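# Descriptive analysis of the structure
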Amino acid sequence: ALGTEGYSPAILKKAIRQVSKARSARDASGDLAELLGVAISASHLRTLAQRIGTEWAAHRDADIQSFKDGTLTGRYAGWAVSAVANSATGPMRT
């Protein structure tokens, strides 16, 4: 399925990753053109990065609130114990 911008999720993922790693959105745009053959302007990459960053921040904030409320569900058994141990005492040592 294509996103609202007309890019596949795989291209969006690569574009956001590249814009976060490159020195500038202009460099990221050039990298995407060279490596993937995808033309996304620097200004559009900045807009995408801002929108997706805002979405990720909202998901993070919702997860934090769910954790505080005790309603956050984990992706694997034992996640909450590990998370609490890491946040309360620093990294666990084995």
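Everything discussed here concerns the structure shown above.
Keep in mind the model is a prediction, meaning the values are calculated, not measured.

## Remarks on the overall build of the protein
Summing up its helical and strand segments, the protein has 4 helices and 0 strands in all. Secondary structure elements of the protein occur, N-terminal to C-terminal, as α-α-α-α. Among the 94 residues that make up the protein, the fraction classed as buried is 20%. Contacts spanning at least 24 positions in sequence make up 36% of the contacts within the protein whose residues lie at least 6 apart. Approximately 7,100 Å² of the protein is accessible, and the part contributed by carbon and sulfur atoms is 56%.

## Notes on helix 1 (residues 9-21)
Along its 13 residues, helix 1 runs 18 Å from first to last C-alpha, staying within 8% of the 18 Å computed at 1.5 Å per residue. Looking at the buried residues of helix 1, the elements they touch are helix 2 (25-36) and helix 3 (42-69).

## A short note on the packing of helix 1 against helix 2
Any two packed helices are characterised by the angle at which their axes cross and by the distance between the axes. Between helix 1 and helix 2, whose axes approach to 9 Å, the crossing angle comes to 135°. Of the possible angle classes, the one that applies to helix 1 and helix 2 is oblique. In this structure, helix 1 meets helix 2 at a crossing whose hand is right-handed. Contacts between helix 1 and helix 2 involve Ile 11, Lys 14, Ala 15, Gln 18 and Val 19 from the first element and Ala 25, Ala 28, Asp 31, Leu 32 and Leu 36 from the second. Its residues placed into classes, the contact of helix 1 with helix 2 shows 7 nonpolar, 1 polar and 2 charged.

The rules we used
In this numbering scheme, every chain counts its residues from 1 along its sequence in written order. It should be noted that, the model being predicted, local features are given only for residues of pLDDT at least 70 and side-chain atom pairs only at 80 or more, the latter also being counted only at that level, while totals for whole chains, interfaces and linings use all residues. Side-chain calculation: all heavy atoms of the structure are included, whereas hydrogens and water are not. Segments assigned H or I by DSSP are reported as helices when at least four residues long, segments assigned E as strands when at least two residues long, and all are numbered from the N terminus. For each residue, the accessible area found with a 1.4 Å probe, counting protein chains only, is set against the maximum for its type, and the residue is called buried under 20%, exposed over 50%, and partly exposed in between. The contact criterion used is simple: two residues touch if any of their non-hydrogen atoms lie within 4.5 Å. Each accessible area is a Shrake-Rupley estimate made with a 1.4 Å probe; only the visible protein chains count as cover when residues are assessed. Given a helix with a known number of residues, its expected span is that number minus one, times 1.5 Å. For every element, the axis is a line fit to its C-alpha atoms; helices are fit only across the contacting stretch, and the angle between N-to-C directions ranges from 0 to 180 degrees. Convention used here: angles under 35 degrees read as roughly parallel, angles over 145 as roughly antiparallel, angles from 65 to 115 as roughly perpendicular, and any remaining angle as oblique. Left-handed describes a crossing whose near helix is turned anticlockwise from the far helix through less than a right angle; right-handed describes the clockwise counterpart. We call Asp, Glu, Lys and Arg charged. Ala, Val, Leu, Ile, Met, Phe, Trp, Tyr, Cys and Pro are nonpolar, and the rest, Gly among them, are polar.

Spatial relationships are all this shows, so hold off on functional conclusions.
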